[in-house]
Amino acid sequence: MNSEIKIGFFSDTHTLHKEWKDNFESFGHGDELENMWSELDMLCFTGDCSGRGSSRNIEDFMKWFSDQPAKEKVMIAGNHDFFFENASEEEIKEMLSKFPNIHYLNDSGIELFGLNIWGSPVQPKFGNWAFNRNRNTTVNGDGSVDDYDGSPLYNGIKKHWDMIPNNTDILLTHGPSFKHGDLLAHKFRRYDECPNVGCVDLSIAIERVKPKIVAFGHIHEGYGKVKGDDDIIYINSSSLNEEYSPVNAPKFHKL
């Protein structure tokens, strides 16, 4: 496997992908950003390209995404991207057929450049949005975790994470795992609820799989790239901040 695969990550553009890309020159190190963007082997998008998931929004993003210079492009949907959850299988196939150079993942994987990539759009239930799933393992207001007792749970999230193969190198999820890029801004916090809203069941799956990179978005204010105690790189690449302004630069990594 080539040890210098150049990978870019971005997420949560919410119809502002063109405005966000036009902002590169204002991010600081704009020329460097443009150069890195233009030389990518792989570009990964981790959901929420739309406002409320209209086919028009989705197609506009995918057309733009397909025109980006990366050799390979991978994407998953997010909780705003209703089209990918509500449209018929035939409608989704028709949409994807227009953009054959985009690899769309939905609890599925692909191998590119010798790297195994897995993607899933689901996240713990949060309002009445797309790809919501109930938590199997719950978090209390003080941040303590209630162990999952193994009982059946309607529309539970754990079954999605159980599908992640053990040989996964890059894991793309829309929402974060627990305590990695998942801390809500003060104005969004609710009394007596834990401000870390990431998924404990996803954390358990990550501990099993041990991917090299976990990339996600969803919690805009969690933007950043950190190396965890487990030596895994965690990347929240939300392109918009908590005010929905397209001001966050893409994140890059080499493998």
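The structure presented is a predicted model; accordingly, all values stated were derived computationally and were not measured. Each residue is numbered by its place in its chain's sequence as written, counting from 1. Given that the model is predicted, a residue must reach a pLDDT of at least 70 before its local features are reported, and side-chain atom pairs must reach 80 or more before they are shown or counted; all residues, however, enter totals for whole chains, interfaces and linings. Processing note: side-chain calculations cover all non-hydrogen atoms of the structure and skip hydrogens and water entirely.

J.: Could you clarify how one ought to interpret the overall build of the protein chain in this entry?
T.: The way it works is that DSSP assigns letters per residue, a run of H or I at least four long becomes a helix, a run of E at least two long becomes a strand, and they are numbered from the N terminus. Helices and strands together make up the secondary structure of the protein chain, namely seven helices and 15 strands. The principal-axis extents of the C-alpha atoms in the protein chain amount to approximately 50 × 40 × 40 Å. Only protein chains enter the area calculation, which uses a 1.4 Å probe; residues under 20% of their type maximum are buried, those over 50% are exposed, and those in between are partly exposed. Counting across all 255 residues of the protein chain, residues that qualify as buried make up 52%. Long-range contacts, defined here as pairs at least 24 residues apart, represent 70% of the contacts in the protein chain between residues at least 6 apart. In this description, accessible areas are obtained by the Shrake-Rupley approach with a 1.4 Å probe, and a residue is regarded as covered only by the protein chains that are shown. By element, 47% of the accessible surface of the protein chain is carried by carbon and sulfur atoms, the whole surface being about 11900 Å². His is not counted, nor are the chain ends, whereas Lys and Arg count as positive and Asp and Glu as negative. All charge positions are set by atom: Lys at NZ, Arg at CZ, Asp at CG, Glu at CD. On the protein chain, the mean spot of the 26 positive side-chain charges and the mean spot of the 40 negative ones are 1 Å from each other. We call two residues contacting when some pair of their heavy atoms lies within 4.5 Å.

J.: Whenever I open this one, the sheet that holds strand E1 (residues 6-10) confuses me. Can you help?
T.: Sheet strands pair by backbone hydrogen bonding; their relative direction is either parallel or antiparallel. Strand pairing is assigned whenever DSSP detects at least two bridges linking the two strands. Spatial ordering of the open sheet is given by E4-E3-E2-E1-E15, a layout of five strands whose pairing is mixed. With partners counted over all chains shown, the strands left at the sheet margins are strand E4 (102-104) and strand E15 (251-254), one partner each. Taking the axes of each pair of neighbouring strands and ignoring which way they run, one obtains an average angle of 20° across the sheet. Looking at chain direction, E1 and strand E2 (residues 42-46) are connected through four bridges and run parallel. Within E2, the position partnered with Gly8 by the bridge is Leu43. Axis geometry follows a simple rule: fit a line to the C-alpha atoms, using only the stretch in contact for helices, then measure angles between N-to-C directions, giving values from 0 to 180 degrees. Strands in contact with helix H3 (residues 55-66) are E1, E2, strand E3 (72-76) and E4; relative to E3, the strand with the most contacts, it is inclined by about 155°.

J.: What should I look at first to understand the packing of aromatic side chains in this one?
T.: Aromatic rings in a pair are described by how distant their centres are and how their planes are angled relative to each other. Here is the rule: rings of Phe, Tyr and Trp (six-membered ring for Trp) pair when centre to centre is within 6.5 Å. Planes less than 30 degrees apart are stacked, more than 60 are edge-to-face, and the remainder are tilted. With the rule as written, the count across this model stands at 17 aromatic pairs. Measuring from centroid to centroid gives 5.7 Å for Phe10 and Trp37, while their planes differ by 70°, and the two rings are edge-to-face. Taken together, the positions of Phe10 in strand E1 and Trp37 in helix H2 (residues 30-38) put the pair 27 residues apart, joining distant regions of the chain. Just as Phe10 is buried, Trp37 falls in that class too. Centre to centre, the rings of Phe83 and Phe84 are 5.4 Å apart; their planes meet at 80°, and the pair counts as edge-to-face. There is no split in this pair, since Phe83 and Phe84 are both buried. Feature note: the residues Phe10, Trp20, Phe24, Phe27, Trp37, Phe45, Phe61, Trp64 and Phe65 constitute an aromatic cluster, connected by ring pairs.

J.: What's the story with the sheet that holds strand E5 (residues 108-112) in this structure? I'm lost.
T.: With respect to topology, six strands assemble into an open sheet ordered E5-E6-E11-E12-E14-E13, the strand pairing being mixed. Every interior strand has two partners, whereas the edge strands, E5 and strand E13 (224-227), have only one. On average, each strand axis in the sheet is inclined to that of its neighbour by 15°, with strand direction left out of account. Direction of pairing for E13 relative to strand E14 (residues 233-236): antiparallel, over a ladder of four bridges. Considered in E14, the bridge of Lys227 is made with Ile233.

J.: Can you walk me through the nonpolar core in this structure?
T.: The nonpolar side chains of a soluble globular protein tend to be buried with one another. Residues Phe10, Trp37, Phe61, Met62, Phe65, Met75 and Phe84 are the most contacted members of the largest nonpolar core, which totals 45 residues. Elements with a contribution of two residues or more to this core: H2, E2, H3, helix H4 (83-86), helix H5 (89-97), E4, helix H7 (200-209) and strand E12 (213-216). Sort the elements by how many residues they give to this core and H3 lands first, with five residues. Look past the residues within four positions of Phe65 in its chain and what remains in contact with it is Phe10, Leu43, Phe45, Lys73, Val74, Met75 and Ile102. By size, the runner-up hydrophobic cluster in this structure holds 18 residues, among which are Leu172, Ile233, Ile235 and Leu255. Among buried residues, the Ala, Val, Leu, Ile, Met, Phe, Trp, Tyr and Cys ones that are joined through side-chain atoms within 4.5 Å form a nonpolar core.

J.: Please explain the pattern of salt bridges as it appears in this structure.
T.: When their charged atoms lie close together, side chains carrying opposite charge are able to pair. We count a salt bridge whenever a side-chain nitrogen from Lys or Arg sits within 4 Å of a carboxyl oxygen from Asp or Glu. Throughout the structure, instances matching the rule amount to eleven salt bridges. A salt bridge links Asp60 to Lys18, with the nearest nitrogen and oxygen atoms 3.2 Å apart. One end of the pair, Asp60, is in helix H3; the other, Lys18, is in helix H1 (residues 17-22), with 42 residues separating them in the sequence. Residue class for Asp60 comes out partly exposed when judged on its relative accessible area of 33%. In this structure, the salt-bridge partner of Lys71 is Asp41, at a minimum N-O distance of 3.0 Å. A residue pair is termed long-range when its members are at least 10 positions apart, and Lys71 in the loop between H3 and E3 and Asp41 in the loop between H2 and E2 qualify at 30 residues.

J.: Just checking my understanding: could you explain the side chain of Ser239 for this structure?
T.: Secondary-structure assignment places Ser239 in the loop between E14 and E15. Excluding residues within four positions of it along the chain, Ser239 makes contact with Phe10, Ser11, Asp12, Thr13, Trp20, Ser245, Pro246, Val247 and Asn248.

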